[in-house]
Amino acid sequence: MNTPPSPLVAERTDGSSVQIGALVPLTQPGWVQAGQHLLAGLELAVREVNDAGGIAGRPLELVVRDTAADPQRAAEAVDELARLGVAALVGEYHSVVARAAAARADALGLPFLCSSAVLDALTEQPTEWVARLAPAQSHGWRIYADFLLGAGHSRIAVAAQPSVYWAAGARILRDYLVPRGGTVIELDMRALGPTAVCDELVDNRASALLLLVGHPEPAVSIVKSVRRDQRLAEIMIGAPAGQPEFAEWAALLGDDSAAIPFLRYLPERLTPLGARVETALRERLGAAPSFVAFEGYDAVAVLADVLRSHDADRACTAESWPRVEVEGTRGQIRFSRTPGISVWQWAWPPVQVVDRDPAEPDRFRVLHAG
């Protein structure tokens, strides 16, 4: 593999630790709770790697940078981390941010294992430098669309904000549902407030509304408005991007937080490793860990396995993606080339459609599995 020319020179020379850069949204407008769970998984895995002897006797060190859901900030962090001499990058939750980070990492010849972002086109062109644990958006959202059809929903409204991620999601849903007899009604949230959304749902006779919008706003306001509209008592609200996953959702919405199906990337049963990690993460977070925390743990577990084999050489790390075979918290992790996906991809992590139980909003119900 040819390493692209880079103006960046590694500054770390003491060799005391093997550093990996971590990209995490820790301040707003980033999804802070997602970032906290991601970081908890990353940190737990680093601690366990070091307890087991590190990387050929050298401690593994996490160098964390807050992306705050800002693509430019993420790209600048990649530049900085490359100068610091990190062996690889890991993390990032927001797809548009991960895309900016992946493009910069590819240009610099810096391996990047993306833990949580799902946008299919993570890079514009195929790259050897980037691998991903999360399923591609097209894979997960088709499973969600299949769930909608199975639940009897054929007239589906999507309340969408402008973004590459939301536009891709709407396109995936439309391409899957329309040939199967479904109708997708797109509501532009630049022009509509929560009350106007309700009127549109009634006028279009929609049986389901999908939230392709930011969290907490305008998602929370839309849910409250729809739940209080007597005309929409039978409508299903859905959130394929996973807004209801975190405790903040239940805290903001109370009983209205329940019965809103979303995607999460967990199996019916965690592996024995996963069960042990779940206990440790619960203690660290003071709450049940989300799938994002498991993605963080698995990402470091994979990188540590790769780094042990070649003393943290960047080019060797990138060349190792197709040879990865690591036990993760949610199954055996291997990367392959997948049609339509430009990066090395775990195809596929487990995918579930779940919601919060109306009788007990802190408990999740599995509605569908892909």
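Summarised in this report is the structure supplied together with it. Note that the structure is a prediction, hence the values are computed from the model and not measured.

### Some remarks on the sheet that holds strand β10 (residues 262-264)
- Read from one edge of the open sheet, three strands run β10-β14-β15, paired in antiparallel fashion. Each end of this open sheet is capped by a strand with a single partner; those strands are β10 and β15 (360-369). Recorded for the sheet is a direction-independent mean angle of 45° between the axes of neighbouring strands.
- Note that strand β14 (residues 352-357) and β15 share six bridges and pair antiparallel.

### Examining the packing of helix α1 (residues 32-51) against helix α10 (residues 291-308)
- Running from N to C, α1 and α10 cross one another at 35°; their axes reach a closest spacing of 7 Å. Pair α1 / α10 crosses with right-handed handedness. Residues Ala 34, His 37, Leu 38, Gly 41, Leu 42, Leu 44, Ala 45, Val 46, Glu 48 and Val 49 of α1 form the contact with α10, whose participating residues are Val 292, Ala 293, Gly 296, Tyr 297, Val 300, Ala 304 and Arg 308.
- Of the residues contributing to the contact of α1 with α10, the split by class is twelve nonpolar, three polar and two charged.

### Here's the deal with helix α6 (residues 194-203)
- Among the residues of α6, Val 197, Cys 198 and Leu 201 are the ones counted as buried. The buried side chains of α6 occupy one side of the element, clustering within an arc of 100° when seen end-on. More than 90 degrees from the buried face of α6, the exposed residues found are Thr 195 and Asp 203.
- The inward-facing, buried residues of α6 abut β6 (155-160), β7 (183-188), β8 (208-212) and α7 (219-227).
- Positive phi shows up at Arg 205, right after α6, with a value of about 55°.

### Some remarks on the layout of surface pockets
- Within this model, the largest pocket holds a volume of roughly 630 Å³.
- Lining the largest pocket are 28 residues, with Trp 31, Tyr 93, His 94, Tyr 165 and Trp 166 sitting closest to its centre.
- Looking at the lining of the largest pocket, the elements that each hand over two or more residues are α3 (95-108) and α5 (164-177).
- The biggest single contributor to the lining of the largest pocket is α3, with three residues.

Rules used in this analysis
- Along each chain, residues carry numbers from 1 onward, in the same order as the chain's sequence is written.
- The predicted nature of this model means local features are confined to residues of pLDDT at least 70 and side-chain atom pairs, given and counted, to a pLDDT of 80 or more, with totals for whole chains, interfaces and linings taken over all residues.
- With hydrogens and water stripped out, all remaining heavy atoms of the structure feed into the side-chain values.
- Strand pairing requires that DSSP identify at least two bridges connecting the strands.
- Helix numbers and strand numbers start at the N terminus; a helix is a DSSP run of H or I with at least 4 residues, a strand a run of E with at least 2.
- Helix axes are fitted to C-alpha atoms over the stretch in contact, other axes to C-alpha atoms as well, and angles between N-to-C directions run from 0 to 180 degrees.
- Each helix crossing is assigned a hand: it is left-handed if the near helix lies turned anticlockwise from the far helix by less than a right angle, otherwise right-handed if that turn is clockwise.
- In this analysis, two residues are considered to be in contact whenever any of their non-hydrogen atoms come within 4.5 Å of each other.
- Each residue is assigned to one of three groups, with Ala, Val, Leu, Ile, Met, Phe, Trp, Tyr, Cys and Pro labelled nonpolar, Asp, Glu, Lys and Arg labelled charged, and all others, Gly among them, labelled polar.
- With a 1.4 Å probe rolled over the protein chains alone, any residue whose accessible area is under 20% of its type maximum counts as buried; one over 50% counts as exposed, and the rest are partly exposed.
- For this quantity, the arc is that covered by the directions from the helix axis to the C-beta atoms.
- Residues are called lining when one of their atoms sits within 4 Å of a cavity or pocket point, these points coming from a 1 Å grid over the protein atoms alone, where a cavity is a set in which a 1.4 Å probe fits but cannot get out and a pocket is an open set with protein on both sides within 12 Å along at least five of seven lines.
- Grid points are joined across faces, edges and corners, and a volume is the space filled by probe spheres set on the points.

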